[in-house]
Amino acid sequence: MEAGRSPNIEIITLAELKELSGKPGNFRAKLHIRPRYVDPLKCTSCGMCTTYCPKEVVDEYNERLTFTKAARIDYAQAVPTIYYLDEKECLRLQHESCQLCANVCGPNAIVFDQQPEERELEVGAVVLALGFGRVPEEVLEKYGYGKYPDVLTSLELERLTCASGPTEGEVIRPSDFTHPRRIAFLQCVGSRDVTCGNGYCSSVCCMYAMKEASVVKEHLPEAEIDLFFMDIRTQGKGFDEAFNRAVEKYGFRTIYARVPRVDQVGRRLALTYVTEDGKTHRDFYDMVVLSVGLDAPQDAEVLAERLGIELNHYGFAKTKVSTPLETNVPGVFVAGAFQGPKDIPESVVQAQAVAARCSELLAEVRGQDAIHKEFPPEDEELERLEPRIGVFVCHCGVNIAGVVNVKEVARYASTLPGVVYTEDVLYSCSQDTLNELVKKIKENRLNRVVIAACSPRTHEPLFQETLREAGLNPALIEMANIRDQCAWVHAEDPEAATQKAKDQVRMAVAKAARLMPLELQRVSVTPSALVIGGGAAGLQAALSIANQGFEVYLVEKEEELGGNLRRVTGLLSGERPQKILEDLIKQVESHPKVKIYKGTTVENISGYVGNFTSTLRREEGSEVINHGVVILATGGKEHRPVLFGLGENERVLTQLDLEGELEKKGGRLSRAKSIVMIQCVGSRGEDLKYCSKLCCQQAVKNALRIKKKYPKKDIYILFRDMRTYGFSEDAYREARKAGIIFIRYQVDRKPELVKRGKSLGVKIYDALLGEELFIPADLLVLSVGITPGENEEISKVIKAPLTGDGFFLEAHVKLMPVELPVEGVYVCGLAHGPKPLEETLAQARAAAAKAAIPLAKGYVEVAPIVSRVDQSKCIGCGICAALCPYGAIEMVKVGKRKKAQTITASCKGCGICASHCPVLAISMGGFTDEAILAQIEAFGAFVEREAEEKTEKEEAA
Amino acid sequence: MAKKKSGKVLVLGGGITGVQAALDLADLGYYVYLVDKKASIGGVMAQLDKTFPTNDCSI
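A quick note: this is a predicted structure, and the numbers were derived from the prediction, not measured.

### A few points about the overall build of chain B
- A count of helical and extended segments in chain B gives one helix and four strands.
- Reading the helices (α) and strands (β) of chain B from amino to carboxyl end gives β-α-β-β-β.
- Taken across its 59 residues, chain B has 69% of its residues classed as buried.
- As presented, chain B carries roughly 1,900 Å² of accessible surface, and 57% of it is formed by carbon and sulfur atoms.

### Examining the pattern of salt bridges
Residue and element names in this part refer to chain A.
- For the structure shown, the criterion picks out 77 salt bridges over all chains.
- Put simply, R268 and D286 hold a salt bridge, and the shortest N to O gap is 3.0 Å. Highlighted residues: R268 in strand 15 (residues 268-274) and D286 in the loop between strand 16 (280-285) and strand 17 (287-292), separated in sequence by 18 residues.
- A relative accessible area of 33% places R268 in the partly exposed class.
- Its relative accessible area of 12% is what places D286 among the buried residues.
- Shared partners join several salt bridges into a network, and the residues in it are R192, D231, R233, D240, E276, R684, D721, R723, E729 and R744.

### Quick notes on the interface of chain B and chain A
- In this complex, chain B contributes 52 residues to the contact, which on the side of chain A involves 91 residues.
- Counting each side, the surface lost to burial between chain B and chain A is near 6,200 Å², with a carbon and sulfur contribution of 62%.
- Two residues, K857(A) and D27(B), come together in a salt bridge whose shortest N-O distance is 3.7 Å.
- In this structure, the connection of chain B to chain A is made through 31 residue pairs in polar contact (both at pLDDT 80 or more).
- Examining the composition of the side of chain B that touches chain A, we find that twelve residues originate from one element, helix 1 (residues 16-27) of chain B, more than from any other.
- Of the residues assigned to the side of chain B that touches chain A, the class counts are 27 nonpolar, 13 polar and twelve charged.
- The sheet contact formed by strand 1 (residues 9-12) of chain A and strand 2 (residues 31-35) of chain B spans four bridges and is parallel. Paired with I9(A) across the strands is V32(B), a residue of strand 2 of chain B.

### A short note on the sheet that holds strand 11 (residues 182-189) of chain A
Residues and elements named next belong to chain A.
- Taken in spatial order, the five strands line up as 10-17-11-12-13 in an open sheet, and their pairing is parallel. Only two strands of the sheet have a single neighbouring strand rather than two, namely strand 10 (151-153) and strand 13 (253-256). Adjacent strand axes in the sheet meet at a mean angle of 25° when their direction is disregarded.
- Bridging between strand 11 and strand 17 involves five bridges; their strand directions are parallel. Across the sheet, the residue bridging to F185 is V289, located in strand 17.
- Set on the sheet, helix 5 (residues 154-161) makes contact with strand 10, strand 11 and strand 17; between it and strand 10 the angle comes to about 90°.

### Observations concerning the environment of V334(A)
Residues and elements named next belong to chain A.
- Secondary-structure assignment places V334 in strand 18 (residues 332-334).
- Linking V334 and A351, residues 17 residues apart in sequence, is a C-alpha distance of 8.7 Å.
- Non-local contacts of V334, meaning those with residues more than four positions away in its chain, are made with L128, A317, T319, P324, L325, T327, Q339 and V354.

### Thoughts on the packing of aromatic side chains
- All told, the structure shown has 16 aromatic pairs over all chains when counted by the stated rule.
- Arranged with centres 5.5 Å apart and planes meeting at 35°, the rings of Y250(A) and F252(A) form a pair that is tilted. The same class applies to Y250(A) as to F252(A), namely buried.
- With centroids separated by 5.4 Å and ring planes inclined at 75°, the aromatic side chains of Y31(B) and Y33(B) adopt a geometry described as edge-to-face.

### Digging into the nonpolar core
- The biggest cluster of nonpolar side chains holds 83 residues, and the ones touching the most others in it are I545(A), I631(A) and V9(B).
- Ranked by the residues each element gives to this core, the list is headed by helix 23 (residues 837-857) of chain A, at twelve residues.
- Not counting residues up to four positions away in its chain, the partners in contact with I545(A) are A529(A), F550(A), V552(A), I631(A), A848(A), A851(A) and L855(A).
- In this structure, V391(A), V393(A), V450(A) and V505(A) belong to the second largest nonpolar core, which totals 49 residues.

### Focus: the sheet that holds strand 19 (residues 389-394) of chain A
Residue and element names in this part refer to chain A.
- Pairing is parallel across the open sheet formed by four strands, whose spatial order is 20-19-21-22. The sheet terminates laterally at strand 20 (419-425) and strand 22 (477-480), the two strands that pair on one side only. Strand after strand, the sheet turns through a mean of 15° between neighbouring axes, direction not considered.
- In this sheet, strand 22 lies alongside strand 21 (residues 448-452) in parallel orientation, the contact comprising four bridges. Its bridge partner being in strand 22, A452 is matched across the sheet by A480.

### Notes on helix 23 of chain A
Residues and elements named next belong to chain A.
- The first and last C-alpha atoms of helix 23 sit 31 Å apart over 21 residues, in line with the 30 Å expected at 1.5 Å per residue.
- Along its length, helix 23 shows its largest kink, about 25°, at A851, and proline P854 lies within four residues downstream of that point.
- Directly after helix 23, the chain includes G858, whose backbone phi takes a positive value near 85°.

### A few points about the side chain of D59(A)
Residues and elements named next belong to chain A.
- With respect to the element layout, D59 can be found in the loop between strand 4 (56-58) and strand 5 (67-69).
- One buried charged residue, D59, forms no salt bridge at all, with the nearest opposite charge on R72 at 5.8 Å.
- In this structure D59 touches R64, L65, T66, F67 and T68, once residues within four positions along its chain are discounted.

### A word on the environment of L462(A)
- Along the chain, L462(A) falls in helix 13 (residues 456-469).
- When the C-alpha atoms of L462(A) and P474(A) are compared, they prove to be 10.0 Å apart, with twelve residues separating the residues in sequence.

### A word on the pairing of strand 34 (residues 714-719) of chain A
Residue and element names in this part refer to chain A.
- Most of strand 34 is tucked away: five of the six residues are buried.
- In this sheet, strand 34 lies alongside strand 33 (residues 674-678) in parallel orientation, the contact comprising five bridges. Bridging across to strand 34, S674 finds its partner in D714.
- Of the crossover connections in this fold, the one passing from strand 33 over helix 20 (residues 695-709) to the parallel strand 34 is right-handed.
- Direction of pairing for strand 34 relative to strand 35 (residues 741-744): parallel, over a ladder of four bridges. The partner of L718 across the bridge, within strand 35, is I743.
- With helix 21 (residues 729-737) bridging strand 34 and the parallel strand 35, this β-α-β connection has right-handed handedness.

### Some details on the confidence of the model for chain B
Residues and elements named next belong to chain B.
- Per-residue pLDDT for chain B averages 83, and the proportion of residues at 70 or more is 76%.
- Ranking the elements of chain B by mean pLDDT puts strand 4 (residues 56-57) last with 49 and strand 1 (residues 8-12) first with 97.
- Scoring the predicted complex yields pTM 0.87 and, for the interface, ipTM 0.91.

### Some remarks on the pairing of strand 13 of chain A
Residues and elements named next belong to chain A.
- Inspection of the sheet shows strand 12 (residues 224-229) paired to strand 13 by four bridges, in the parallel sense. Its bridge partner lying in strand 13, D226 is registered against R253.
- Regarding the hand of the β-α-β motif, the stretch spanning strand 12, helix 7 (residues 239-250) and strand 13 is right-handed.

### Points about the packing of helix 5 of chain A against helix 6 (residues 205-219) of chain A
Residue and element names in this part refer to chain A.
- Relative to each other, helix 5 and helix 6 sit at 35°, their axes nearing to 10 Å. As helix 5 runs across helix 6, the sense of the crossing is left-handed. Taken together, the residues of helix 6 that come into contact with helix 5 (itself represented by S154, L157, E158 and T161) are Y208, K211, E212, V215, V216 and H219.
- When its residues are assigned to classes, the contact of helix 5 with helix 6 shows four nonpolar, three polar and three charged.

### Quick word on the side chain of R744(A)
All names here are of chain A.
- You can see R744 is positioned in strand 35.
- A polar side-chain atom of R744 sits 3.2 Å from a polar atom in the side chain of D231.
- Here the side chain of R744 touches R720 through a polar contact of 2.7 Å, landing on its backbone oxygen.
- What R744 contacts, discounting residues up to four positions off in sequence, is M230, D231, Y256, E276, F719, R720, D721, I764 and Y765.

Parameters at a glance
Residues numbered from 1 in each chain as written. Chains lettered and ligands numbered in written order. Predicted model: local features only at pLDDT ≥ 70, side-chain atom pairs only at ≥ 80, totals over all residues. Heavy atoms only, no water. Helix = DSSP H or I, 4+ residues; strand = E, 2+ residues; numbered from the N terminus. Buried < 20%, exposed > 50% of the residue type's maximum accessible area, 1.4 Å probe, protein only. Areas by Shrake-Rupley, 256 points an atom, 1.4 Å probe, with all protein chains shown as cover. Salt bridge = Lys/Arg side-chain N within 4 Å of Asp/Glu carboxyl O. Contact = heavy atoms within 4.5 Å. Buried area = accessible area lost by both parts, 1.4 Å probe. Polar contact = N/O pair within 3.5 Å; in protein donor to acceptor, adjacent residues only side chain to side chain. Nonpolar A, V, L, I, M, F, W, Y, C, P; charged D, E, K, R; others polar. Pairing = 2+ DSSP bridges. Axes fitted to C-alpha atoms, helices over the stretch in contact; angles between N-to-C directions. Phe/Tyr/Trp six-rings, centres within 6.5 Å; stacked < 30°, edge-to-face > 60°. Core = buried A, V, L, I, M, F, W, Y, C linked by side-chain atoms within 4.5 Å. Expected span 1.5 Å × (residues − 1). Bend = angle between axes of the 7 residues up to and from the residue. Lys, Arg positive; Asp, Glu negative; His and termini not counted. Right-handed = clockwise from strand over helix to strand, strands pointing away. pLDDT = per-residue confidence, 0-100. Left-handed = near helix turned anticlockwise from the far one by under 90°.

Put into structure tokens, the structure is as follows:
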């Protein structure tokens, strides 16, 4: 993980916060750090201590499904990559008896007498990202967990399906090690269950159950899998689609039932359950997986007491809709699952948002304590010499050397042309080896380096940095991935793996000889942001960027700020949405760094990250502005389908219309006796394919508001799945208690509108009664969902792709939820996808954090691998410009003809342009045609050898 | 005059949220202490094999 490499992140493990004093900007934090018993500066992560440690310990990382040792590292990729001794299990630490690890540790890194440490830190802000806790095992016991071995938790199954897990990815029954043929997933274990104190919905289990079921099916195509739901809650962006696709592809059976208990009958597990039609079923399975929910973090209570933080009634951090990141202690913020159960993208959004929040608080001291890494100047003379290649072949402990004969590969490498130095190293990525590498480069005057180790995806940046430290251009390195491509995939044939490693090294050397230094470019950044859209998202994003100290142009196409939030009149939390909006507008309007343009549209955004130019048009005329980044907060629209008489009958309205009615005295609402709400009107497969995420909460909220105002009115909510995820499940329960009637309708038997004279009603099939009901509706309220705003036009202007549903497509759905594929452009709020206010406000801040990074740096570094057009060859056909997914090629006039030109700051180096150029006028830095051809030619030696062997065999035969 | 603020931030918890917050804070020009009670960072996400809906590897 990247965090391990940043000079500005100091990782302190085995530590807890004991005390916090001071105020925002100046806190003093006392840490208690437990001993690791291993010297981090000496440990090379070779694993000898684990190999020789005689004490077997249950492996918690693998969910107690296997054993590890008292001297260990939790998993191969752990950061920091330093082993530790398990204090409670180590024989030496407990009984003074053994010291095998110390005896075998080459670098003498074991320190048995290491003492706990108290450390005091001065910090400006504190972020609590405690994550979530485990649902207690007692809760799982009623499902037979702990009693029947084939009842597993979802995390246990996760480890079973993992290739590096205890069974190497084989899904087996713990009772008899056979493959299960029938598997049941039980949802809502430890969630939506007041009997165990967790009344909330954990918001992630429906998704992960579907993922795990799919992965199991890939391992065991014969398996039959049934999933038991209370409701299917796949409300996130694109989740419904993924869910349905999986059900269809793998033939899962989804059943609406809550299974009360699990029994063992013979060697199988029996589930007895009642379906919605009132029928009782009994089915047998070979394995039962409990989709366990997210509990509040176990250490939350102690910490809350120490810091004076308020928790909610479930033990999660207490926050408000308007300020989802603030605890009650100023300067102490919260993010992630500790704020409420949430999935990875939502956690990442809050993490980025909390970074922005801290940055707002500490804007005046930005950079003050940051460390800037300096590199020595490049030795250009050395780089110009004939290739002097150094080849380093990595053992990766036993990871490579256990299969590939590393020493032989190194010997072979020394015979290749241009190679002046070779060495086999135990761990090429460990800090001491990297230092050695710098020394070796200098001693032997190497000017090209080949590392035969693992994947350049994870490790190339590290080696590039090492080259820079040695005074070489970072482009002068080539990696051969002999771990994944030789040791891993050919584990059963060491000889062939070694031969292939040699081939790969030969190819890498051939390419390395033709590598040229590439210039690391820096483009300066205009320190201001353009925020498009003045709704909740745009306002919050603009305010955050301005508070971080940068100029903002906020553009709203309407004459008034506020967007959709203007129409919302209540929130489940009791907060007043109009007050939230007013506060936001007031702060934005009075901020000296924000320039607001109402009644204005954006035309013509051109340029690239750091240097955009846009035209703002309003009636009085237009203005051209320069800015470094763009935030798209263009919002969404209420969907108004022509269904159930919406727009024709005045008794039919939407939830947003109802919000307006709720504020009125008298009116339609006061006269109505029976109110019917219908969910998913036009959504989830009709005009809109997706779920709009917030309508279920909104319906429950509005129903409760009506009940409070008019306790005697009858309210019915007709739904497919109630998706009151997270803590809004409380409101759903409250609504049922308050007498609001919820009836599930089936997708193939949707409710129908019935007109009887002047009166309206709805016909619905009730599964439990097994008959059709007629419900009078003096007021029919439709939950209609959200459609994208005018995204299409902007998407074309800035070349940012949209999803099939018309929302902006983020760069990575999990890890880059606010970035777009076009650098310097970010998205938040409804423009990204439907979501409730709290999530919109967090996402707006996340976008503000990402947008502020280039502004804060003042420059953008362009990755050196970019395309370059040889304009003397270019015929100006424009194929490259049309194909470039990043808008990084522009056609410019050179003399009388148009020629292609790369905007290096936008180029991602994907190579699409180069591969399509009909006259080979485009070359990629680091991947020139010449270098690639040399690499392929070097591969040719293998082909020749194969041919020879074949003839030999044939001759022998 | 008030004491000058510190440009450092303490992030408690080294799961995906803590790590992401630390990375962004470092990029924004702050020094970060990333503190975890376990021997390594990564949190629960490091235990996951794949992630929904893209089935990407989670490490």
